[in-house]
Amino acid sequence: MDRRSRRAAFLLSVLLALAAVAPAAGAEKRHSAKNAAKEGAKTGGRTAKEGVLTFGRSVKGFFTGGPKAAKDAWKAGAAKTKRTAKAGARSTKRAAKGE
């Protein structure tokens, strides 16, 4: 595996692991554990999707514009993935509180 694909695989595994832990953290309140688990799973799925899209866009950038274009696409995608993950974390916390 090359460096970028290892980085993308690592990112996906970390995000999926965090998504698996997030519902467990919200399970303290009985009445909202189910909603927190659903929101955590949705967050994990959305974040994983963004990570895969980031990897694809950076590969496309590499072949169409070279290493600089790939790096720019990677950084832009990473920022979008981070925003998606943080938004999902906020919704999971709201679901855990029962809001």
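Before reading on, note that the structure itself is shown above.
This write-up is about the structure you can find in this document.

Each value, and the rule that gives it
- Residues numbered from 1 in each chain as written.
- Predicted model: local features only at pLDDT ≥ 70, side-chain atom pairs only at ≥ 80, totals over all residues.
- Heavy atoms only, no water.
- Helix = DSSP H or I, 4+ residues; strand = E, 2+ residues; numbered from the N terminus.
- Buried < 20%, exposed > 50% of the residue type's maximum accessible area, 1.4 Å probe, protein only.
- Contact = heavy atoms within 4.5 Å.
- Phe/Tyr/Trp six-rings, centres within 6.5 Å; stacked < 30°, edge-to-face > 60°.
- Patch = residues over 30% accessible without salt bridge, like charges linked within 9 Å, V, L, I, M, F, W, Y side chains within 5 Å.
- Areas by Shrake-Rupley, 256 points an atom, 1.4 Å probe, with all protein chains shown as cover.
- Salt bridge = Lys/Arg side-chain N within 4 Å of Asp/Glu carboxyl O.
- Lys, Arg positive; Asp, Glu negative; His and termini not counted.
- Charge placed at Lys NZ, Arg CZ, Asp CG, Glu CD.
- Expected span 1.5 Å × (residues − 1).

### Description of the overall build of the protein chain
And step 1. A tally of regular secondary structure across the protein chain gives three helices and zero strands.
And step 2. Reading the secondary structure of the protein chain in the N-to-C direction produces α-α-α.
And step 3. Burial status across the protein chain gives 29% buried among its 99 residues.
And step 4. Counted over contacts in the protein chain with a minimum sequence separation of 6, partners at least 24 positions apart contribute 73%.

### A look at the packing of aromatic side chains
And step 1. Within the structure shown, the criterion is met by one aromatic pair.
And step 2. Ring centres of Phe 62 and Phe 63 lie 5.3 Å apart, and the angle between their planes is 80 degrees; on these two criteria the pair is classed as edge-to-face.
And step 3. Taking the relative accessible area as the measure of exposure, Phe 62 reaches 37% and is therefore partly exposed.

### A few points about a positive patch on the surface
And step 1. Where like charges cluster on the molecular surface, the positive patch consists of Lys 82, Lys 86, Arg 90, Lys 93, Arg 94 and Lys 97.
And step 2. The topology assignment puts Arg 90 in helix α3 (residues 67–97).
And step 3. Note on Arg 90: relative accessible area 48%, which makes it partly exposed.

### Some points on the environment of Gly 56
And step 1. Counting through the fold element by element, Gly 56 comes out in helix α2 (residues 33–65).
And step 2. Separated by 14 residues in sequence, Gly 56 and Ala 70 place their C-alpha atoms 9.7 Å apart.

### Let's talk about α3
In an α-helix there are 3.6 residues to a turn, and that puts residues three or four apart on one side.
And step 1. Its 31 residues place the ends of α3 45 Å apart at the C-alpha level, agreeing with the 45 Å of an ideal helix rising 1.5 Å per residue.
And step 2. Of all the positions in α3, only Ala 70, Trp 74, Gly 77, Thr 81, Gly 88, Ser 91, Thr 92, Ala 95 and Ala 96 are classed as buried.
And step 3. Directly beyond the C-terminal end of α3, a positive phi value near 85 degrees is found at Gly 98.

### Digging into the pattern of salt bridges
And step 1. A complete count under the given rule lists two salt bridges for this structure.
And step 2. In this structure, the salt-bridge partner of Glu 39 is Lys 42, at a minimum N-O distance of 3.7 Å. On the criterion of helical spacing, the pair formed by Glu 39 and Lys 42 is a turn pair, its members being three residues apart in helix α2.
And step 3. Measuring nitrogen to oxygen at the nearest pair gives 3.3 Å for the salt bridge that ties Asp 72 to Lys 68. Of the two residues, Asp 72 and Lys 68 are both situated in helix α3; the distance of four residues between them amounts to about one turn of the helix.
And step 4. For Asp 72, a relative accessible area of 41% puts it in the partly exposed group.
And step 5. Given a relative accessible area of 59%, Lys 68 falls into the exposed group.

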